[in-house]
Amino acid sequence: KRTYGTRRMADALKKHDIPCGRYRAGTLMKLANVSVRRLRKFRVTTDSKHNLPVAPNLLNRNFNVKSPNKAWASDITYIWTTEGWLYLSVILDLYSRRVVGWALNNRINKQLVEDALRIAIWHRRPKPGTIFHSDRGSQYCSLDFQKLLKGQKLISSMSRKGDCWDNAVVERFFRSLKTERTNHRLYRTRDEVKQDVIDYIEM
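A. Molecular detail of the overall build of the protein chain. When helices and strands are tallied, the protein chain shows seven helices and five strands. Going from N to C terminus, the protein chain has its helices and strands arranged as α-α-β-β-β-α-β-α-α-β-α-α. For the protein chain, the C-alpha atoms occupy an extent of roughly 55 × 40 × 30 Å along the three principal directions. Here the protein chain holds 203 residues, and 43% of them are scored as buried. Within the protein chain, counting contacts between residues at least 6 apart in sequence, those at least 24 apart form 65% of the total. Accessible surface, the protein chain as shown: approximately 12,400 Å² in total, 51% of it carbon and sulfur. Seen as two clouds, the 40 positive and the 19 negative side-chain charges of the protein chain have centres 4 Å apart.

B. Region of interest: the nonpolar core. Counting residues in each nonpolar core, the largest one holds 23 residues, and the members touching the most others are L88, V90, L94 and V197. Listing elements by their share of this core, those giving two or more residues are strand 1 (71–81), strand 2 (84–93), strand 3 (98–105), helix 6 (168–182) and helix 7 (190–202). Among all residues touching L88, those that are not within four sequence positions of it are D75, I76, T77, W102, A103, L104, F174, L177 and V197. With 22 residues, the next largest nonpolar core counts C141, L148, L154 and M158 among its residues.

Reading guide: rules and limits
- Residues numbered from 1 in each chain as written.
- Predicted model: local features only at pLDDT ≥ 70, side-chain atom pairs only at ≥ 80, totals over all residues.
- Heavy atoms only, no water.
- Helix = DSSP H or I, 4+ residues; strand = E, 2+ residues; numbered from the N terminus.
- Buried < 20%, exposed > 50% of the residue type's maximum accessible area, 1.4 Å probe, protein only.
- Contact = heavy atoms within 4.5 Å.
- Areas by Shrake-Rupley, 256 points an atom, 1.4 Å probe, with all protein chains shown as cover.
- Lys, Arg positive; Asp, Glu negative; His and termini not counted.
- Charge placed at Lys NZ, Arg CZ, Asp CG, Glu CD.
- Core = buried A, V, L, I, M, F, W, Y, C linked by side-chain atoms within 4.5 Å.

Okay, structure coming up:
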């Protein structure tokens, strides 16, 4: 599906006992007319221009967590359909890098992230003190969402303004989702996206 770049191609060849470095893989891909699909244009999903309270960056890029449910990370992305945009919020456990909660919505609002969080709580039953890391978007800073976090005794942590590297694990998941599944499809309906996303996350 044209999702492998030179690094992944070289790794795949090595698993088949074919010695190949990244640059050699790139040369062979050009000779075979094999290329990676281009990423689609960026769309802003973070509205940080608000007067709501912002949490400190407690995670501080410490992505190597030693046990489950110690730190979660969340973000929002978008997928285009001929019916309009569909927004996806996910929550990853940084220990396993698995999606523990997710939600889809036609609108990018606080309900989207609240639904994802409720699913994560239902699945994992985290103990008090779990760090919940996100960006500074108005959805995560909203009073209702922060109330939901505090009610479960989860500790809010937020990235520095405009720094995507502070939430790199979720950004990488979104990149994989779009490169491997959604970017090379033209979805007619939002239901088609939902089926594809469910299959990618759950299956």
